[in-house]
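# Coordinate analysis (summary)
Chain by chain, the residues run as shown.
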Amino acid sequence: MQVYLDNNATTMVDPQVVEVMQPFFSEIYGNPNSLHKFGTASHPALKNAINQVYNAINASDEDDIVFTSCATESNNWVLKSVWIDKILHGDKNHIVTTEVEHPSVLSTCRFLEEQGVKVTYLPVNEEGIVEAHTVKSFITEKTALVSIMWASNETGMIFPIKEIGEICKEKGVLFHSDGVQAVGKIPVNLQEVHVDFMSMSAHKFHGPKGVGALYIKNSQPLTPLLNGGEHMGGRRSGTLNVPYIVGMGKAIELATINIEEKMSSIRAKRDRLEDALLELSDTFVVGEREHRTPNTILISIRGVEGEGMLWDLNNGQIGASTGSACASEDLEANTVMLAIGADNELAHTGIRLSLSRFTTDAEVDYTISHFKGAVARLRNISSSFAKQKPTKGGEVQECELHHHH
């Protein structure tokens, strides 16, 4: 049996999505910007796709949704353009983000620091989230932007985006959320939550790779990242990737229709898998289930290195990934591991299992049995586990933040 449990990295394209994309390669292939019938033939499908995205996130008509090549582009666009608009051409000089953002946010922030921007990287608490009051205390009159993920790719933890949004609104600071791990997994309602910008990526909800979007509240000005022709109302140049945009629309519709039902079905499988794995001794899962996306488990297993575990799972035809439960390289801030009394060894062994709506009960059964066998095999050869007495409250050393997607 082959079991794919790395859906936070990417997902299978739903066959229904492939089907709606098909005509736009060799049949309806005109450039939507062309004035002839070959160009205009794609307009109804593009309009429909845009509506599907608006509906899925409950955006209002005044808001703008611009298709991009991926969420990495959307994240770069917001951070770099806020830098241009509010820092280079304004009186701000500060951005607030977290230590656990996606590399496309963290690397861009490091680039902006090289340009002289001050960036505050907030650590997560013992639950693996950043609390709203923490964000509030770091906003100054020089803050141009707060950029905080909606949900974590590593732990599945859902951040208090509504509260953070209200704080930003009250303080008059722009708020961006990387919504990649939230859209299609949990309800995202942008009439209820205040965000100025939100990034999305189709391949995280069973759409194609290489297409994403940026939500822009009230169609507010944001200097384009890509200059060129007048595509997307001049906001983002580059010929529209019609088949992929159509695919993204269909995928987001399929993911968000009856989302509560889909969530409870995925959650039931995830919980069953998690309960079974927690029967193993010396294991720990990061974050309360209720505060996590319904598909994600980040589990640490004492005496088992993450890479060894992945290799064993891969031999059993199971795809997973490693993730770090660590908050930071700074011991003081490393509350996740200190809070659970973990030692250095437990800190480096996170395995991330992320399910999808295509995960079956039979796959869960198979994974439980293979996973338990793998832990037994690896502990058997792990002399460090055999020699070591589990200790409480041990220190965590050199616990770096690993971002594996």
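Structure report, in brief. No experiment lies behind these values; they were computed from the predicted model shown.

About the criteria used
Residues numbered from 1 in each chain as written. Predicted model: local features only at pLDDT ≥ 70, side-chain atom pairs only at ≥ 80, totals over all residues. Heavy atoms only, no water. Axes fitted to C-alpha atoms, helices over the stretch in contact; angles between N-to-C directions. Helix = DSSP H or I, 4+ residues; strand = E, 2+ residues; numbered from the N terminus. Parallel < 35°, antiparallel > 145°, perpendicular 65-115°, else oblique. Left-handed = near helix turned anticlockwise from the far one by under 90°. Contact = heavy atoms within 4.5 Å. Salt bridge = Lys/Arg side-chain N within 4 Å of Asp/Glu carboxyl O. Buried < 20%, exposed > 50% of the residue type's maximum accessible area, 1.4 Å probe, protein only. Phe/Tyr/Trp six-rings, centres within 6.5 Å; stacked < 30°, edge-to-face > 60°. Lys NZ or Arg CZ within 6 Å of the ring centre and 35° of its normal. Pairing = 2+ DSSP bridges. Arc of directions from axis to C-beta. Nonpolar A, V, L, I, M, F, W, Y, C, P; charged D, E, K, R; others polar.

It is the contact of helix H5 (residues 71-88) with helix H6 (residues 103-114), at a shortest axis distance of 9 Å, that shows an interaxial angle of 25°. As the angle between them shows, H5 and H6 are arranged roughly parallel. By crossing handedness, the relation of H5 to H6 is classed as right-handed. Across the interface between the two elements, Thr72, Asn75, Asn76, Leu79, Lys80 and Trp83 from H5 touch Ser104, Val105, Thr108, Cys109, Phe111 and Leu112 from H6.

A pair can form between side chains of opposite charge whenever their charged atoms are brought close. Under the criterion given, the structure shown has 18 salt bridges. Taking the shortest distance from any N to any O, the salt bridge between Asp6 and Arg352 comes out at 3.0 Å. Taken together, the positions of Asp6 in the loop between strand S1 (3-4) and helix H1 (15-21) and Arg352 in strand S13 (residues 350-354) put the pair 346 residues apart, joining distant regions of the chain. Owing to a relative accessible area of 0%, Arg352 belongs among the buried residues under this scheme. One salt bridge connects Glu274 with Arg270, and the closest N-O pair in it is separated by 3.7 Å. Here Glu274 pairs with Arg270, and both are found in helix H10 (residues 259-278), just 4 residues apart, close to one helical turn. For the pair formed by Glu274 and Arg270, the shared burial category is buried. Shared partners join several salt bridges into a network, and the residues in it are Arg270, Asp271, Glu274, Asp275, Arg289 and Arg292.

Quick look at the packing of aromatic side chains now. Considering all chains together, one arrives at 2 aromatic pairs under this definition. Taken together, a centroid distance of 6.4 Å and an interplanar angle of 85° make the contact between Phe25 and Tyr244 edge-to-face. With Phe25 in helix H2 (residues 23-26) and Tyr244 in helix H9 (residues 242-256), this residue pair connects regions lying 219 residues apart in the sequence. Its end group placed over the ring of Phe38, Lys37 keeps NZ or CZ at 5.9 Å from the ring centre. A cation over a ring is seen here: Lys80 above Phe111, with NZ or CZ 5.2 Å from the ring centre.

Spatially, 7 strands are ordered S2-S8-S7-S6-S5-S3-S4 in an open sheet, and the strand pairing comes out mixed. Lying at the two open borders of the sheet, with one neighbouring strand each, are strand S2 (64-68) and strand S4 (118-122). Neighbour to neighbour, the strand axes of the sheet diverge by 20° on average, direction disregarded. Note that strand S5 (residues 143-147) and strand S6 (residues 174-178) share 3 bridges and pair parallel. By the bridge assignment, Ser147 is partnered in S6 with His176.

Take helix H8 (residues 161-171) next. Listed as buried for H8 are Ile161, Ile164, Gly165, Ile167 and Cys168. The arc that holds the buried residues of H8, viewed along the axis, is 160°, so those residues lie on one side. Turned more than 90 degrees from where H8 packs its buried face, Lys169 and Glu170 sit exposed. Within two residues after H8, Gly172 carries a phi angle of roughly 70°, on the positive side.

Attention now goes to the packing of helix H11 (residues 306-315) against helix H14 (residues 361-381). The relative placement of two packed helices comes down to the angle between their axes together with the axis-to-axis distance. Relative to each other, H11 and H14 sit at 130°, their axes nearing to 10 Å. With respect to H14, the axis of H11 lies oblique. The two elements H11 and H14 meet at a crossing, and its hand is right-handed. Of H14, the residues touching H11 (which contributes Gly308, Met309, Asp312 and Leu313) are His370, Phe371, Ala374, Val375, Arg377 and Leu378. Each residue belonging to the contact of H11 with H14 can be placed in one class, and the counts come to 6 nonpolar, 2 polar and 2 charged.

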